[in-house]
Amino acid sequence: MAVQELEIGTSWGKELWDQFDNLATHTQKGIDFFERFGNFIRDRSAIEVEYALKLRRLVKNYQPKKNKEDEENEFSTLIAFKNVLKEVADLAGQREVVAENLQNQVLQGITLLAKNLRDERKKSLNQGALLTQSLHTQIGTLERAKRSYEKAFREAEKALEGYQKADADFHLSRADVEKQRVNMNIRNSQSEDAKSEYANQLQITNKLQQQHYQTALPEVFNRLQELDEKRTRGMKEFIKRSADVEYEVSPIIARCLEGMVKAADSINEKDDSMIVIEKYQSGFQPPGDIPFEDLSKPDPDAANNSQTHNSSTGLNHMTGKGTTKDKLKKRVGIFGIFTGNKKILEACINVKNNLSTDGLKEDFSDLPPTQRRKKLAAKVQELQQKVAQEQAASDGLMKMKGVYEANSMLGDPRTVEEQLNESVNRLDRLRIELQRYQKLLDQANSQTCNQHSPQANRVIQNGQRVSRHSNGSSNHENNHDDNGEDHPDDAGSLSSSSASPESGLGTSHTSLPGSGQGSTNEQPLNDEYYDADQPLGTCRALYPFDATSEGSIPMSEGEELQVIEVDQGDGWTRVRRFSSKGWEEGFVPTSYIECTLYA
């Protein structure tokens, strides 16, 4: 009973039987609102697509540029930032999924339902209009029958009054009275017929009206109510569906956010500090204490300069001319003292031209010791991988050749023989190069940097260059390794007969054997020892340099100097220049100068 009362109380057909126009307007507004919600979903989907596109563009714009050198030692902040960019890109993908699902699962459903609601509403309203028109037509027929009945009734009353007057008038003939009686009967008959027609139409109208308001029109209103409720349910379902679209991607978005937090937690400031040390550590020791200069004692450099001046004067006297220093060098060369210089000069030119693609020397000798060891170790590892790959390829070709030789039906072994030979040749070259870099790495590891200046490994003793080792022993420049190669610190030495770098080139060893001039500890001149004044080329200072360590000399930007000894792998070049004090000699950073060697 309660259910029936609820249904009757909530039925449009019963409660709103006379609100046809209002219901038509209400359903139209409801469908318009539903379509407006669809437009909202459409615009939101477009915003999601645009947001995802902008996120991807943001990730692309802030993506760090790839650097092969930096990839080896990436800071934890950079790695974390890359991970954050990756998570943001994943977020962009999830926004695209949201936009796609809103379009496919929500917007399309709204569009289809709105179309169906409009069609059903139009059909129901047309049926309701036909029912209303039919009722109005019947009511019109009833009104006409009622007016006919009223007219016939008045005429019948008028005819009755005429007959009664004629019957009471004695002056009228009997024929006139009969005529009035006949007219009265006709009018009465017409009135009765109109009355019957009116009663019949009234019965039909009442029946149609009862059916219209109790059955036909309520059915139309109930259908309108049903489609309006369907529209309301659709609104509810599609709002929930749009929220579900967000719920479906929320776990992935949560994982993206967790990834960002994890990336932040992976940042370690101590590890980054160690990377900075590994990246920029040179391996040099800090400079030692600056010695005290006692001006009360004679300056040995001044004595050396004086000795050099006297030596030069003596040589000029020997030539019989006041020759310049360049002419003197040419004259000394005539005596055949520099026969060993040609090979050394060629080696220097080869070193200059033997650069890798990244601008560094192939042996990385222009890098500081620590950085050089790291580069050599990386090169050894790279070559080991290449050797392993080439060995695997060669083994595969050998197996294929063996299979072809065992069964000629499978293939001709000569087809892989050429490939096998090329692979073997490549493998041999790689192994030779690997041995070369392994030796360079071993030598770099064996060198020590215990001295405070880079020139400590280039000390001149008795006119010959020696190398200092950790055990305190000294090996002359003409000593070789067991394999017959020069020691890396000794190879390419171009100043074996010069004085110590710290002396400022105080003594010139240009005297002939037995001349009694030159160094205090005179050595016989031969092909391995040559004039220290013979330059290998010239160089120009790219940057100013302040001499802060023993054995180095300052230079200003753009200054021209003479190269007397090329870089031996420690990052320093020995140069010479003429100043007011005479000729000065010392070391400058190789990276600070631009060299032009003589051919």
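Computed from a predicted structure; not experimentally measured.

S.K.: Could you give me a rundown of the overall build of the chain, with the residues and numbers involved?
M.R.: Regarding its fold elements, the chain presents 12 helices and 8 strands. Considering the chain as a whole, with its 599 residues, one finds that 36% of them fall into the buried category. When the accessible area of the chain is evaluated, it comes to approximately 36700 Å², of which 52% is carbon and sulfur surface.

S.K.: An account of the pattern of salt bridges is needed here, citing residue identities and associated values.
M.R.: Evaluation of the coordinates by the stated rule reveals 22 salt bridges. Between Arg44 and Glu246 there is a salt bridge, with its nearest N and O atoms 2.5 Å apart. Here Arg44, found in helix α3 (residues 20-61), pairs with Glu246, found in helix α6 (residues 174-265); they are 202 residues apart in sequence, far enough to count as distant. You can call Arg44 partly exposed: its relative accessible area is 22%. On the accessibility criterion, Glu246 (22% relative accessible area) is partly exposed. For Lys54, the salt bridge is made with Glu50, and the minimal N-O distance between the two is 3.3 Å. Of this pair, Lys54 and Glu50 both sit in helix α3, 4 residues apart, which is roughly one turn of that helix. Overall, Lys54 belongs to the partly exposed group, its relative accessible area being 48%. Accessibility expressed as a relative area gives 42% for Glu50, which makes it partly exposed. One network of salt bridges, with partners in common, ties together Arg44, Glu48, Arg95 and Glu246.

S.K.: Run through the packing of aromatic side chains, naming residues and quoting values.
M.R.: For the coordinates displayed, the defined rule picks out 10 aromatic pairs. An angle of 65 degrees between the planes, with centres 5.2 Å apart, marks the rings of Phe578 and Trp583 as edge-to-face. On the basis of relative accessible area, Phe578 is assigned to the exposed category, the value being 58%. Connected via pairs of aromatic rings, a cluster forms that spans Tyr543, Phe545, Trp572 and Tyr592. Its end group placed over the ring of Trp583, Arg576 keeps NZ or CZ at 5.2 Å from the ring centre.

S.K.: Give a detailed account of the side chain of Ser76, specifying residues and quantitative values.
M.R.: As for its position among the elements, Ser76 is in helix α5 (residues 76-168). With a relative accessible area of 10%, Ser76 lands in the buried category. Dropping the residues within four chain positions of it, Ser76 is found in contact with Ser266, Ile267, Asn268 and Asp272.

S.K.: Would you mind going over the sheet that holds strand β5 (residues 560-565) in detail, with residue names and values included?
M.R.: With antiparallel pairing, 5 strands are arranged side by side in an open sheet as β7-β6-β5-β4-β8. The open sheet has two edge strands with one neighbour each: β7 (582-589) and β8 (593-597). For this sheet the average axis-to-axis angle between neighbouring strands, irrespective of direction, equals 35 degrees.

S.K.: Describe the nonpolar core, listing the residues and the values that go with them.
M.R.: Phe34, Ile41, Ile110, Phe221, Leu224 and Phe238 are the most contacted members of the largest nonpolar core, which totals 29 residues. Mapped onto this core, the elements with two or more residues apiece are α3, α5 and α6. Counting residues per element, this core draws most heavily on α6, which supplies 11 residues. Once residues within four sequence positions are removed from consideration, Ile41 is found in contact with Leu102, Val106, Leu107, Ile110 and Ser242.

S.K.: Pulling in residues and values, what's your account of the state of the cysteines?
M.R.: Following the criterion strictly, the structure yields 0 disulfides and no others. Left unpaired, Cys595 is separated from the closest cysteine sulfur, that of Cys539, by 5.0 Å.

S.K.: Run through the packing of helix α11 (residues 369-406) against helix α12 (residues 414-446), naming residues and quoting values.
M.R.: Two quantities define a packed helix pair, namely the angle between the axes and the distance from one axis to the other. Running from amino to carboxyl end, α11 crosses α12 at an angle of 160 degrees, the nearest separation of the two axes being 8 Å. In this view, α11 runs roughly antiparallel relative to α12, as classed from their interaxial angle. For the element pair α11 and α12, the recorded crossing hand is left-handed. Each residue belonging to the contact of α11 with α12 can be placed in one class, and the counts come to 20 nonpolar, 8 polar and 10 charged.

S.K.: Run through the pairing of β8, naming residues and quoting values.
M.R.: Covered by surrounding structure in β8 are Ile593, Cys595 and Leu597 only, the residues Glu594 and Thr596 on the alternate face being uncovered. One ladder, built from 5 bridges, connects strand β4 (residues 537-541) with β8; its direction is antiparallel. In the sheet register, Gly537 faces β8, and the bridge partner there is Leu597.

S.K.: An account of the environment of Leu434 is requested, with residue identities and associated values reported.
M.R.: Locating Leu434 in the fold gives a position in helix α12. On the basis of relative accessible area, Leu434 is assigned to the buried category, the value being 10%. The spatial distance from the C-alpha of Leu434 to the C-alpha of Lys386 is 9.6 Å, given a sequence separation of 48 residues.

S.K.: Summarise the packing of α3 against α6; cite the residues concerned and give the values.
M.R.: Two elements in contact, α3 and α6, have axes separated by 11 Å at closest approach and are oriented at 15 degrees. One element, α3, and the other, α6, form an angle in the roughly parallel class. Like other packed secondary-structure pairs, α3 and α6 cross with a definite hand, here left-handed. Along its contact with α3, which presents Phe20, Leu23, His26, Thr27, Gly30, Ile31, Phe33, Phe34, Phe37, Ile41, Arg44 and Glu48, the element α6 presents Leu217, Phe221, Leu224, Asp228, Arg231, Gly234, Met235, Phe238, Ile239, Ser242 and Glu246. Of the residues belonging to the contact of α3 with α6, the class tally is 13 nonpolar, 5 polar and 5 charged.

S.K.: Describe the pairing of strand β6 (residues 572-579), and please don't skip the residues or the numbers.
M.R.: Most of β6 is tucked away, with 7 of its 8 residues classed as buried. Bridge count for β5 against β6 is 3 bridges, and the pairing is antiparallel. For Val563, the partnering residue across the bridge sits in β6 and is Val575. As consecutive antiparallel partners, β5 and β6 are separated by 6 residues, and within that stretch Gly569 has a phi angle of approximately 105 degrees, a positive value. In this structure, the hairpin formed by β6 and β7 is closed by a connection of 2 residues.

S.K.: Which residues make up the environment of Gln180, and what are the values?
M.R.: Within the element layout of this structure, Gln180 appears in helix α6. The class of Gln180 is partly exposed, set by a relative accessible area of 28%.

S.K.: For the confidence of the model for the chain, give the residues involved together with the corresponding values.
M.R.: The predicted model of the chain has a mean per-residue pLDDT of 75, with 72% of residues at 70 or higher. For the stretch residues 448-532, pLDDT sits under 50, and the model shows 216 contacts to residues farther than four places along the chain or on other chains.

S.K.: Can you break down a nonpolar patch on the surface residue by residue, with the values?
M.R.: A surface patch of nonpolar side chains, about 300 Å² in accessible area, is lined by Leu58, Tyr62 and Phe81. Looking at the element boundaries, Phe81 is found in helix α5.

S.K.: How would you explain the environment of Ala129 if you had to name every residue and give the values?
M.R.: In this fold, Ala129 is placed in helix α5. Looking at Ala129, the relative accessible area reads 39%, which means it is partly exposed. Separated by 91 residues in the primary sequence, Ala129 and Val220 place their C-alpha atoms 9.8 Å from one another.

Cut-offs and rules
- Residues numbered from 1 in each chain as written.
- Predicted model: local features only at pLDDT ≥ 70, side-chain atom pairs only at ≥ 80, totals over all residues.
- Heavy atoms only, no water.
- Helix = DSSP H or I, 4+ residues; strand = E, 2+ residues; numbered from the N terminus.
- Buried < 20%, exposed > 50% of the residue type's maximum accessible area, 1.4 Å probe, protein only.
- Areas by Shrake-Rupley, 256 points an atom, 1.4 Å probe, with all protein chains shown as cover.
- Salt bridge = Lys/Arg side-chain N within 4 Å of Asp/Glu carboxyl O.
- Phe/Tyr/Trp six-rings, centres within 6.5 Å; stacked < 30°, edge-to-face > 60°.
- Lys NZ or Arg CZ within 6 Å of the ring centre and 35° of its normal.
- Contact = heavy atoms within 4.5 Å.
- Pairing = 2+ DSSP bridges.
- Axes fitted to C-alpha atoms, helices over the stretch in contact; angles between N-to-C directions.
- Core = buried A, V, L, I, M, F, W, Y, C linked by side-chain atoms within 4.5 Å.
- Disulfide = S-S within 2.5 Å.
- Parallel < 35°, antiparallel > 145°, perpendicular 65-115°, else oblique.
- Left-handed = near helix turned anticlockwise from the far one by under 90°.
- Nonpolar A, V, L, I, M, F, W, Y, C, P; charged D, E, K, R; others polar.
- pLDDT = per-residue confidence, 0-100.
- Patch = residues over 30% accessible without salt bridge, like charges linked within 9 Å, V, L, I, M, F, W, Y side chains within 5 Å.

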